[in-house]
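Residues per chain, in single letters:
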Amino acid sequence: MATIHVDGRAHEVEGAQNLLHACLSLGLNLAYFCWHPAMGSVGACRQCAVKQFKDEAEEQAHGGKIVMACMTPASEGTRIAIEDHDAVQFRAGIIEGLMANHPHDCPVCDEGGECHLQDMTVMTGHNYRRYDFRKRTFRNQDLGPLVNHEMNRCIQCYRCVRFYNEYAGGTDFGAFSLRNLVFFGRSEDGVLESPFSGNLVEVCPTGVFTDKSLKEHYTRKWDLQQAPSICVHCGQGCNVSAGERYGMLRRIINRYHESINGYFLCDRGRYGYEFVNSPDRIRQPQLARHGTLVPVSSDEAVSRAAALAQAGSVIGIGSPRASLEANYALQRLVGPERFFAGLSEADLRLQALALELQGRGPAHILTPAEVEASDAVLVLGEDVMNTAPRLALRIRQSVRQEPLRRSDALKIPRWLDHATREVMQRDFGPVFVATPDVTGLDDVARTSLRAAPDDLARLGFAIAHELDSSQPAVAMLASEHAALAREIAQALARAERPAVVSGSGCRSEAVLRAAAAITNALSAAGKAAGLSVVLPECNSVGLMLLGHAEPLDAALQLVADGRVETAIVLENDLARRLPASGISSFFDRLAHLIVVDSLWTETARRAEVVLPAATFAEGDGTLVNSEGRAQRAFQVYMPQAPIQESWRWLQALEPPGVARWQNLDEAVAAVSAAAPVLAPVVDAAPGSRFRMAGAKVPREPQRYSGRTAMHANVDVREPKPPDDPDTPLTFSMEGNPTQPPAALTPFFWSPGWNSIQAVNFYQREIAGPLRGGEAGVRLLEPSETRGAGGPREGRESIPPAFAPRAGEWLLVPLSRVFGSEELSQRSPSIAQLAEPAHIRLRPADAERLGLQAGDQVQVACDSFTVALPVVVAPDLPVGLAGIVPGELAALHGASLPAWGTVSRAS
């Protein structure tokens, strides 16, 4: 800590930081543009000028010099003045210069009302334009379906190129200079290739980069009703703020969570929300009549569904994308012994193993932020960029941890971004990636290995043996793999905070066991090792923690044996879970099918009764992310009746006399009592009785206008806001506007700070935890009772070396950021970027079959036969073919990896 003096007052601050960081942490108003807490200081905009004094005497004599706060350390005894006349005039001159060429198009700018440039212009007192000459102009670019480009608004802060290229690792974006002009964009029009391009919308302090999906249904930012929510497009549990206007979800923006997503989101999480507005939504209860589903009243649908549910011969099929409350309501309705997880036997076994390996320890279960802080990372068998993109961005930052020690030795502060990058150059810290195909992290990996899943597992067990000789040795290990195992083991052993990241992407139990064996070996050596396991869906862990769940295969067998007449399927398309033949037989043999879901799927179309479920934006519920953190998503608007939360529909099917939950608090309490591990769920967010000074938390900002011109021709009056008995939030701007607990923060706003930069005033310290506490509660912690090294895997866990077969290929599943996740597939902007289903073949294999890229082939294995186009993939190992399922549900449900044949399609 250090004592600094600002405008004559002493303050205790973090001495390792710069003055801008310190001043903002103190809640002081100081203008800036180019600085960003996640990217450090470069001193490009000169807007954060302050007057610095050598001592108190110079301060009293009104001497001193102008310095940039972002480039000056907050060292002990520093004296500065923000309100000094010279500093005020300097900042005013800078903003006037920056605004000289700005179009001043606030009334038509998408960023208007939430613009950092507007905030800083007002803050510095620049309210009159003296420049009346011709302004410079640019031609804007088409950057694809996600980001809109308006280059004339640029103030050359360089934030965009620093984030896109230096932080996110993009290569198709840059700063192009000609004389006194600087252009930020691509060398030519085209889709931005980075899966993090949407962050330009929040990183840019003006309106150069704006949300193109919001542009399709635009509304002013102050007219958005917002609520704290959780991203539902993977298992990371990123915190988001959902914005709604007149019954339509308009956008998703980042909601800061120090341990999970920090300041950034991936594009799937930012733009996948449009499925909520999809024409594929189920909006009315449906009942089958003469083989056709027709809309009916809620009473009629519930009456028929309740009669079927209470008939006795009924099972329930849960879902890893449904909330804890919904899954438990179904389990309670049908009974634990007749509740099925909605996952194939292989997937259920994998996810159960993942929880077991994390829970039996002693390796720490890593948060995404802890992965970023790791100084050596092994990614084993998981294409993290495609299955958990935000975690991949964290791993990309971890390569700086080891080189930053060199800058520490040179006395270069870590916040001095360009200087630390100059020291680092391309000498990244140790990150190793071992996967079947290329990944988006290969460019920062010290070594990348392409191998079959069994060979990846063997590599992992070999690393564990190198670290701990008591771990079983791997027989007949290829020499190059043995050498790599030694290299990785040495790097992990040298690290202070080594991390292993794995997951279910390869669908290999051996890979997961190998990852755990490595962390156990590191723990035995006294290392503070950590394990991060990527699971695919937003509530995969929550579904597992409920317990009593049998695989979907067992449900199919019960139906095949004639022991079940009725099935209730909760938010699950079974066609994506099991091979088409098994699911088809299930539908044909089942007498009655009840589906509770928000989207029309193959399963919903085969139902007898369909009940319209609320999405994450329309209902409240608890989700548990891959690290075992329970978090609550709150509805941003009341859906049009009869849409409601799945757990409410399921409660309506309970027989008479059963006590039903009256509100969300009772549902959460019931879930927390369902299993000891779920007891802390009640603490994931405050309950409905929470008040701040006797008032609820408003979902609408104080500037909410109450009406918009587009509906003025219908009615200029606003309807009475609906009551919300389930949460401590209100559907209005009435309530306590002060900072609520983090789990209840709908948006970030502070007087004078209307942009996303207002998050600075919600943090205890810049880039630190929120003042309202960390959202969510951890349910999983590793055991510390099994010895320093934890349990050791036996030799039987080590698979034999992969052996290619003549005339066959091992078909391995490959995920994609866009197109692999079920819900975001229904978002129009994401659908434009989704890769269609295809097969990836080695060049030699394609040549041997007489194929070129784009040719159609017939792919056949035990679980499917399908025609797919060919993509040539030079890095695939011998004997492997990659399957990208794309839009084909049957491929998502296929039993992969599996041996199959490939032949030219007739």
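The structure this text deals with has already been given above.
About the cut-offs
Note on numbering: residues in each chain are counted from 1, in written sequence order. Given that the model is predicted, a residue must reach a pLDDT of at least 70 before its local features are reported, and side-chain atom pairs must reach 80 or more before they are shown or counted; all residues, however, enter totals for whole chains, interfaces and linings. Hydrogens and waters are ignored; side-chain quantities use all the structure's heavy atoms. Elements are defined by DSSP. Helices are runs of H or I of four residues or more, strands are runs of E of two residues or more, and each kind is numbered from the N terminus. Relative accessibility under 20% of the residue-type maximum defines a buried residue, over 50% an exposed one, and the middle range a partly exposed one, all with a 1.4 Å probe and only protein chains included. Contact between two residues is taken to exist if any of their heavy atoms lie within 4.5 Å; hydrogens are not considered. Between any two strands, pairing holds if DSSP finds at least two bridges. Seen with its strands pointing away from the viewer, a crossover is right-handed if its path from the first strand over the helix to the second goes clockwise. Whenever a nitrogen or oxygen atom comes within 3.5 Å of another N or O atom, the pair is scored as a polar contact, on the condition that within protein one atom can donate a hydrogen and the other can accept it, and that pairs from neighbouring residues in sequence are kept only if both atoms are in side chains. Here a salt bridge means any side-chain nitrogen of Lys or Arg lying within 4 Å of a carboxyl oxygen belonging to Asp or Glu.

### Quick notes on unusual backbone geometry
(1) Moving on: A cis amide bond links Ala 641 to the next residue, Pro 642, at an omega of 15°.
(2) Moving on: With an omega of 0°, the peptide bond running from Leu 896 to Pro 897 counts as cis.
(3) Moving on: The phi torsion at Gln 425 lies on the positive side, around 55°, for a residue other than glycine.
(4) Moving on: Tracing the sequence through the fold places Gln 425 in the loop between helix H16 (417-424) and strand E19 (431-435).

### Comments concerning the environment of Ile 95
(1) Moving on: For Ile 95, the position within the fold is in helix H3 (residues 85-99).
(2) Moving on: On the accessibility criterion, Ile 95 (0% relative accessible area) is buried.
(3) Moving on: With 719 residues separating them in the primary sequence, Ile 95 and Leu 814 have C-alpha atoms 49 Å apart.
(4) Moving on: Not counting chain neighbours up to four residues away, the residues in contact with Ile 95 comprise Phe 33, Gln 47, Leu 117, Thr 121, Thr 124 and His 126.

### A short note on helix H4 (residues 116-123)
(1) Moving on: Of the residues making up H4, those classed as buried are His 116, Leu 117, Asp 119, Met 120 and Thr 121.
(2) Moving on: Packed against the buried residues of H4 are H3.
(3) Moving on: In the stretch just after H4, Gly 125 is the one whose phi turns positive, near 80°.

### Here we look at the pairing of strand E24 (residues 592-597)
(1) Moving on: Of all 6 residues in E24, 6 are buried, a share of seventy percent or more.
(2) Moving on: Sheet topology note: the strand E23 (residues 566-570)/E24 ladder contains 5 bridges and is parallel. The partner of Leu 570 across the bridge, within E24, is Val 596.
(3) Moving on: Handedness of the E23-helix H22 (residues 580-589)-E24 crossover: right-handed.
(4) Moving on: Sheet analysis places E24 next to strand E25 (residues 609-612), joined by 4 bridges and oriented parallel. Bridging across to E25, Val 595 finds its partner in Val 610.

### Remarks on the side chain of Asn 254
(1) Moving on: Take Asn 254: it is sitting in strand E12 (residues 248-254).
(2) Moving on: Looking at Asn 254, its side chain comes within polar contact range of the main-chain oxygen of Gly 262, at 2.9 Å.
(3) Moving on: Within the local environment of Asn 254, its side chain forms a polar contact with the backbone oxygen of Tyr 263, the two atoms lying 3.3 Å apart.
(4) Moving on: With residues up to four places along the chain from it excluded, the contact list for Asn 254 reads Glu 202, Asn 239, Asn 261, Gly 262, Tyr 263, Phe 264, Leu 265, Arg 270 and Ile 756.

### Here's the deal with the pattern of salt bridges
(1) Moving on: Enumeration over the complete set of coordinates arrives at 55 salt bridges.
(2) Moving on: Between Glu 96 and Arg 130 there is a salt bridge, and its shortest N-O distance comes to 2.8 Å. Placement of Glu 96 in helix H3 and of Arg 130 in the loop between H4 and strand E6 (147-149) is noted, with a sequence separation of 34 residues between them.
(3) Moving on: By relative accessible area, Glu 96 is classed as partly exposed at 23%.
(4) Moving on: On the basis of relative accessible area, Arg 130 is assigned to the exposed category, the value being 61%.
(5) Moving on: Here Lys 720 ties to Asp 723 by a salt bridge, and the two come within 3.6 Å at their closest N and O atoms. We note that Lys 720, like Asp 723, is exposed.
(6) Moving on: Within the structure, one salt-bridge network assembled from shared partners comprises Arg 162, Glu 166, Arg 400, Asp 417 and Arg 421.

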